[in-house]
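Report on the structure
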Amino acid sequence: MTISPESPADRGPENTVPKNTVTSAAWGWVVRQAQSRAQLAGLAGVLLVLIIVFQIGNPIFLSSGNIMEMLRATTLYFIVACPMTLILVSGGIDFSAGALFATGGVTAGLLMVLGIPWPVAVIIGMAVGGALGVVNAWLSVRLRVPPLIATLGMFFTASGIITVITGGNSIYGFPKAFTDLGQGFLLGIPFLVYYAVVIGVVFWILLEKTSLGYDARAVGGNRAAASANGIRVGRHDFIVYGLAGAVAALAGIMGAARLSSANPAAGGTALTFQVVTAVIIGGTSLFGGIGSIGGSALGALLFAVINNGLVIINVNSLWQNIFVGVILVSAVAIDQARRRRQFSSRR
Amino acid sequence: MNAADRSTPALELKNITKRFGRVTALEDVNLTAYSGEILAIVGDNGAGKSTLIKAISGVHHQDDGQILVDDQLVSLSSPADARAAGIATVFQDLALVECLDVSTNMFLGQFPRRGWFVDRQRMDTESRRFLDELKVTVADVHTQIGMLSGGQRQIISIARAVRSGAHTILLDEPTAALGVRETRHAADIISNLRDSGKAVICVSHDMEFVFTTADRILVLRLGKVAGVREVSATTREEIIGLITGTKQEAA
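Keep in mind it's a predicted model, so treat the numbers as computed, not measured. (Residues numbered from 1 in each chain as written. Chains lettered and ligands numbered in written order. Predicted model: local features only at pLDDT ≥ 70, side-chain atom pairs only at ≥ 80, totals over all residues. Heavy atoms only, no water.)

1. Some details on the sheet that holds strand β4 (residues 64–69) of chain B
All names here are of chain B. Condition: DSSP bridges decide pairing: two strands pair if at least two such bridges lie between them. Going along the chain from the N terminus, every DSSP run of H or I of four or more residues is numbered as a helix, and every run of E of two or more is numbered as a strand. Where helices are involved, their axes are fitted lines through C-alpha atoms of the stretch in contact, as for all axes, and angles between N-to-C directions lie from 0 to 180°.
Reading across the sheet, the four strands line up as β2-β1-β4-β5 and stay open at both edges, with antiparallel pairing between neighbours. Both outer strands of the open sheet, β2 (23–33) and β5 (72–74), are each paired with one neighbouring strand and no more. Taking the axes of each pair of neighbouring strands and ignoring which way they run, one obtains an average angle of 30° across the sheet.

Listed below in structure tokens is the structure:
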């Protein structure tokens, strides 16, 4: 028996000569690369066209100041998008991200105002986010509440709690050492961009190189098969949702440092939807198994470019949503077509 | 032809009972599997074959009875437990992840690591080696499972069970989805497993396959063991009689 991608001609019992014995490992590699890069290349193409259009529309678009502005606008979304990618690849979803973002900022902010040293406040803020993420996993693994509902419930609950605690008001008065971390520059580039790069690299390694990432693709690709082969799928969920909660809270804390204030309404549905959308536009499948951190970075960047570019060429920014909507639906349509092509009726 | 070592069973089930609500799927089932032997489990639909496989593979936990591996009592409450006890299962749905490639599927749940990272290279070379041992030609271990035919997937799934280093290999309807040529190839592979000293347990409907490949046959009927026969000392008529209940085992 020869195991190689089956062409329709191979299926008949008479056909004893496999059509594709020429399929060499090298050629297979080329095909695979082309397939896996196709959607990313498409997205990069869209991004490039938009950049050219905006640059023609207004030459300050690609000025270093404006590029910095776009990068800075991307960073917090991208940081939240990293664990979101891991969750979507694992076949889940996290709609609580926006609320855990605010919870992180408010928790750390309140503690700092109470005089707790800022590093301790940051760690506790992340721990609270992580704990709420673990609750998300607990709801879906133990109580069998679908992740969509569990995290949506967490979104409202967490937002509600921090709004009640703060009376809906922003918190001010953080130590300068803390706010500097969100506002400083190194070599003309905001600190925030460095944080995003570090977190992006960490999550790229997690997803592509570690057994956590391999487990994620297996759990998202076929949860029953992953479980039957000894992957502890419940434990996996606890890890990824916990990690997502902690990182969303960290992003919220960075946001608080950048603005010198923590607002219970920060993040919210806008951040949640924008992050999920960026991840999906970046080629991560809503149905699990497939996805990349690089794609999510491009997806997040696309938002910043559209948002910023439309303002710069004097188009009403209300148009932004139309662009995003069309691109989102196109991305999912492409994903569906890809799955149909690869996995259709092979059983 | 029996090279089987009958001194110690590789796997022994004693009085296994499994109920689903008021339905008793398995009642007082006893089973022994020996290294170097293929035990076929046959029975009509609803006889409890799948439940039995699931009890041994850790998917279901029995309500009553004991499972012994090499004379040691084990508790198999998850597929991971079964694996740890040296039992690998080739499920009928094959339990493959379509969007992942051949070598990743071969190592599902047991990814080799070098330090913190998955050792991709070792995964690829070992996958290739195991497939070569089973005389399966693989163009590329990076091929996605979704691109393969049913027979090819079956072979990959069996190869994975071998790779996991298990001493007992369970196969649930290994020939159900296969054509004639593929069935022959699967039978060869399963015979090779026996010859290499594995205890093989095969659930099958396929009498042709059972009589040409297995050494012993255990017949399930309505959740109970209707009889156990050596293939060399029985006939199809007798087995079919046990399956349908027209022939009763003398108690």
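2. Side note on the confidence of the model for chain A
Residues and elements named next belong to chain A. As a reminder of what qualifies: pLDDT is a residue-level measure of predictor confidence that goes from 0 to 100. Two residues form a contact once any of their heavy atoms are found within 4.5 Å.
Per-residue pLDDT for chain A averages 85, and the proportion of residues at 70 or more is 85%. Between the elements of chain A, mean pLDDT differs from a low of 54, seen in strand β1 (residues 2–3), to a high of 96, seen in helix α4 (residues 118–141). Low pLDDT, under 50, characterises residues 6–24; the predicted model gives this stretch 22 contacts beyond four residues in sequence or across chains.

3. Observations regarding the sheet that holds strand β11 (residues 199–203) of chain B
All names here are of chain B. Taken in spatial order, the six strands of this open sheet run β6-β10-β11-β3-β12-β13, and their pairing is mixed. Two strands in the sheet have a free side with no partner beyond their single neighbour: β6 (87–90) and β13 (224–230). Sheet twist, expressed as the mean angle between neighbouring strand axes with direction ignored, is 20°.

4. Thoughts on the pairing of strand β10 (residues 168–172) of chain B
All names here are of chain B. For the record, the criterion: Residue exposure (1.4 Å probe, protein chains only): buried if accessible area is under 20% of the type maximum, exposed if over 50%, otherwise partly exposed. Here, the term right-handed applies to a crossover whose path from the first strand over the helix to the second runs clockwise when the strands point away from the viewer.
Along β10, five of the five residues are buried, which leaves the element largely enclosed by surrounding structure. Side chains of β10 alternate between two faces, with T168, L170 and D172 and I169 and L171 buried alike. Where β6 meets β10, four bridges bridge the pair, whose relative direction is parallel. Across the sheet, the residue bridging to T89 is L170, located in β10. Taken together, the five bridges between β10 and β11 define a ladder with parallel strand orientation. Across the sheet, T168 pairs through a bridge with A199, a residue of β11. Taken together, β10, helix α6 (residues 180–195) and β11 form a β-α-β motif whose crossover is right-handed.

5. Some words on the environment of G234 of chain A
Residues and elements named next belong to chain A. Considering the arrangement of structural elements, one finds G234 in helix α10 (residues 233–259). For G234 and W138, which are 96 residues apart along the polypeptide, the C-alpha to C-alpha distance reads 8.7 Å. Excluding anything up to four places from it in sequence, G234 contacts V141 and R223.

6. Details of the environment of D206 of chain B
Residues and elements named next belong to chain B. For D206, the location among the structural elements is in the loop between β11 and α7 (207–213). For D206, a relative accessible area of 25% corresponds to the partly exposed category. When neighbours within four sequence positions are excluded, D206 is seen to be in contact with T175 and T183.

7. Comments concerning the packing of aromatic side chains
Residue and element names in this part refer to chain A. This is how the line gets drawn: Two aromatic rings, drawn from Phe, Tyr or Trp (for Trp, its six-membered ring), form a pair once their centres lie within 6.5 Å of each other, and the interplanar angle then sorts them: stacked below 30 degrees, edge-to-face above 60, tilted otherwise.
By the definition in use, this model includes seven aromatic pairs over all chains. An angle of 50° between the planes, with centres 5.3 Å apart, marks the rings of F54 and F61 as tilted. Across the pair, F61 and F54 agree in class, each one buried. Relative to F178, the ring of W118 lies with its centre 6.4 Å away and its plane at 50°, an arrangement referred to as tilted. Here W118 is found in helix α4, whereas its partner F178 is found in helix α6 (residues 176–183), with 60 residues between them in sequence.

8. Quick look at the environment of H142 of chain B
All names here are of chain B. Note the threshold: For this analysis, a polar contact is any N or O atom pair within 3.5 Å, provided that within protein one partner can donate a hydrogen and the other can accept it, and provided that sequence-adjacent residues contribute only side-chain to side-chain pairs.
Here H142 shows up in the loop between β9 (137–138) and α5 (150–163). Along the chain, H142 and D101 lie 41 residues apart, while their C-alpha atoms are 5.0 Å from each other. A polar contact is formed between the side chain of H142 and the side chain of D124, at a distance of 2.8 Å.

9. A word on a nonpolar patch on the surface
Residue and element names in this part refer to chain A. The following threshold applies: Like-charged residues within 9 Å of one another, or nonpolar side chains (Val, Leu, Ile, Met, Phe, Trp, Tyr) within 5 Å, are grouped into patches, provided each residue has over 30% relative accessible area and no salt bridge. Surface accessibility follows the Shrake-Rupley procedure with a 1.4 Å probe radius. Residue values consider only the protein chains on display as shielding. Salt bridges are identified by distance alone: a Lys or Arg side-chain nitrogen within 4 Å of an Asp or Glu carboxyl oxygen.
On the surface, W319, I322, F323 and V326 cluster together into a nonpolar patch covering about 390 Å² of accessible area. Structurally, the position occupied by F323 is in helix α13 (residues 320–343). Judged by relative accessible area, which is 31%, F323 ranks as partly exposed.

10. A closer look at the confidence of the model for chain B
Low-confidence regions, as indicated by low pLDDT, have predicted coordinates that should not be scrutinised in detail. Mean pLDDT for chain B: 84, with 95% of residues reaching 70 or above. Taken together, the chains of this predicted complex give a pTM of 0.82 and an interface ipTM of 0.77.

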